[in-house]
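# An overview of the molecular structure
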Amino acid sequence: MKLSVIGCGYLGAVHAAAMAELGHEVVGIDVDPNKVATLAAGEAPFFEPGLPEILASGIASGRLSFSTDMADVVGAKVHFVAVGTPQRKGENAADLTYVDAAIDSLIPYLSDGDLVAGKSTVPVGTAARLAEKVAAGSGAHLAWNPEFLREGFAVEDTISPDRLVYGLPGGDAFEVAKSALDEVYEVALSRDTPLVVTDYATAELVKVSANAFLATKISFINAMAEIAETTGADVTQLADAIGFDARIGRRFLNAGVGFGGGCLPKDIRAFTARAEELGRGESVAFLKEVDSINLRRRQKVVDLVVESFDGQIFGKKVAVLGLAFKPDSDDIRDSPALDVAARLKGLGAEVIATDPEAIANAKRTHPQLDFTTDIDEALTGADAVVVVTEWKVFRELDPARVAGLVARPYVIDGRNCLVPSDWRDAGWTYQGLGRP
Ligand code: UGA
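Only a predicted model underlies this, so the values are computations on that prediction, with no experimental measurement involved. (Residues numbered from 1 in each chain as written. Predicted model: local features only at pLDDT ≥ 70, side-chain atom pairs only at ≥ 80, totals over all residues. Heavy atoms only, no water.)

## Some points on the overall build of the chain
Going by this rule: Only runs of H or I of at least four residues qualify as helices and only runs of E of at least two qualify as strands under DSSP, and these elements are numbered from the N terminus. Throughout, radius of gyration means the C-alpha value; the globule benchmark is 2.2 Å times the number of residues raised to the power 0.38. Relative accessibility thresholds used throughout: buried, under 20% of the residue-type maximum; exposed, over 50%; partly exposed, between the two (1.4 Å probe, protein chains only). The criterion used for residue contact is that any of the two residues' heavy atoms lie within 4.5 Å. Accessibility throughout is a Shrake-Rupley quantity obtained with a 1.4 Å probe, and a residue counts as covered only by protein chains that appear here. The convention is simple: Lys and Arg are positive, Asp and Glu are negative, and His and the chain ends are not counted. Taken as the charge location is NZ of Lys, CZ of Arg, CG of Asp or CD of Glu.
The helix and strand tally for the chain stands at 18 helices and 14 strands. Here the chain has a C-alpha radius of gyration of 23 Å; the compact-globule value for 436 residues is 22 Å, and the two agree. Dimensions of the chain along its principal axes, counting C-alpha atoms only, are 70 × 50 × 40 Å. Burial statistics for the chain: of 436 residues in total, 54% are counted as buried. Pairs at least 24 residues apart make up 72% of the contacts formed inside the chain by residues separated by at least 6 positions. When the accessible surface of the chain is totalled, it reaches about 18,000 Å², and 54% of it is carbon and sulfur. For the chain, the centre of its 42 positive side-chain charges and the centre of its 62 negative side-chain charges are spaced 4 Å apart.

Shown next, in the form of structure tokens:
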């Protein structure tokens, strides 16, 4: 099937390459000529395991191409819109500028019977508005087809999704839209992937409520960590124990420095803003609390470092292990790790940060920090070590060996990802979050 993907960021680039991998003929469109040149050369513009391989094979097969020229979508039957919907500056609401611009520039190139399939995360009500725009400017239809991929597992999640959701128009367009999407997802559907066929509003809400639920789960366990900290309880054991209840489940109950990234934080804020617009602010007022709990955990890590120096942090060398918002990603958008590094630096600490993939991005936004790709160099002479992204290389550090590098063996495990007894036995003062 011939497809186009408008917007080649984390979502669109992976979607385009994965659809080509599944046998479709795909053109990816982006306004950024550098990104398009990189992708067209078969290289990934960001770190995502498995992406370089499917980009290269897609380009080599001739099924995958990239362009800055919207006219190149002509001939495609389904056009995925995968542009960003960031938080508006100074507000909680989502900025829909890129979605509207993508639809406006796509409309002149649509043929009768084409399907525009929205993938971007949008406030409920957006698809209905865009459907009118598409209908007024073309003979095409609109569907909303949210995406649930996780960074770090994006290729796997796109090729083998755990569910598919189609938000479809009513009337005659329903069957046209459904059969087009069924053809796109033929492989996943043949493997009995659960499919929910619904209306626009439900499809939009499925996406934001899924992220709101995940954010709430993380903030719930982080709230328990706060209680554990004042009572001497251990939040990781608590999470294990409640996680054995199949109704609760252990996943997304890892207490630590909290959630970040390009999705969870901005999605809960945009959801709150949209609910308020709809006069239903109270229904999701708890998401403000979810956000506050989350942001408090970053300060908690900073406070622990400062306390370890009896308040005298100025000039102390702090090694910050991690910059990405989670492992296996170079994404630093709203990263708790980078935030902690910047706050410590702001207090006068001599911060040296390391990360296997995110240094280049962090350097651009936080030039005031010092970086090194060499973990040992970061640790050498450190007065405190802070682990804020649970990369495997950090989890596998040998505490006895690295104790010999630092000036003071003091580690704050902001992700509860180290084995406390191993570090204590090697002479370290170990401090986790929500743990005695
Ligand atoms: C999230 C959702 O998990 C995806 O399903 C969704 O498609 C995506 O947003 C999106 O909207 O595009 P992602 O942002 O890649 O995916 O990251 P997550 O794996 O959800 O992690 C988010 C944050 O929560 C990270 O900072 C992570 O470190 C943190 N986290 C996660 C915790 O602090 N504790 C946990 O137990 C789990």
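## Here's the deal with the sheet that holds strand β14 (residues 429-432)
Cut-off, in case you're wondering: At least two DSSP bridges between two strands are required for those strands to pair. Axes here refer to lines fitted to C-alpha atoms; in helices the fit is confined to the stretch in contact. Angles between the N-to-C directions go from 0 to 180 degrees.
Strand order in this open sheet of six strands is β11-β10-β9-β12-β13-β14, and the pairing throughout is parallel. What marks the edges here is a single partner per strand, and that holds for β11 (370-371) and β14. Across two bridges, strand β10 (residues 350-354) lies against β11 in parallel orientation. Residue Ala353 lies in a different strand from β11, and its bridge partner there is Phe371. Helix-sheet contacts for helix α13 (residues 336-346) involve β9 (317-321), β10 and β12 (384-387), and the interaxial angle to β9 is about 170°.

## As for the domain arrangement of the chain
To keep it simple, the criterion reads: What counts as a domain boundary in this text is fixed by an automatic or database domain assignment. By buried area we mean how much accessible surface two parts lose on assembly, using a 1.4 Å probe and totalling the loss over both. Only one rule defines a salt bridge in this text: a Lys or Arg side-chain nitrogen within 4 Å of an Asp or Glu carboxyl oxygen. Two N or O atoms form a polar contact when they lie within 3.5 Å of each other; inside protein one atom must be a possible hydrogen donor and the other a possible acceptor, and for residues adjacent in sequence the pair counts only when both atoms belong to side chains.
Entries for the chain in the domain assignment read domain 1 (2-198), domain 2 (208-291) and domain 3 (299-432). Here the C-alpha centroids of domain 2 and domain 3 sit 24 Å apart. With 13 residues of domain 2 at the contact, the number on the domain 3 side is twelve residues. Summing both sides of the interface, domain 2 and domain 3 together bury roughly 900 Å²; the carbon and sulfur share of this comes to 54%. If you sort the residues of domain 2 by the area they bury against domain 3, Glu229, Val257 and Gly261 come out on top, with a joint share of 48%. At the junction of domain 2 with domain 3, the criterion picks out two salt bridges. Remark: the boundary between domain 2 and domain 3 carries five residue pairs in polar contact (both at pLDDT 80 or more). Secondary-structure elements contributing two or more residues to the side of domain 2 that touches domain 3 are α10 (235-243) and α11 (264-277).

## Some remarks on the site of the ligand
Which entries qualify depends on this criterion: Near residues are defined by distance, with any heavy atom within 4 Å of the molecule or strand qualifying the residue. Classification convention: Asp, Glu, Lys, Arg as charged; Ala, Val, Leu, Ile, Met, Phe, Trp, Tyr, Cys, Pro as nonpolar; all other residues, Gly among them, as polar.
Taken together, 21 residues form the shell around the ligand, and within it Leu149, Glu151, Lys207, Asn211 and Phe325 come nearest. A distance of 2.7 Å separates an oxygen atom of the ligand from a polar atom in the side chain of Asn211. Relative to its unbound accessible area of 720 Å², the ligand is 91% covered by the protein chains. Classifying every residue of the shell around the ligand gives ten nonpolar, four polar and seven charged.

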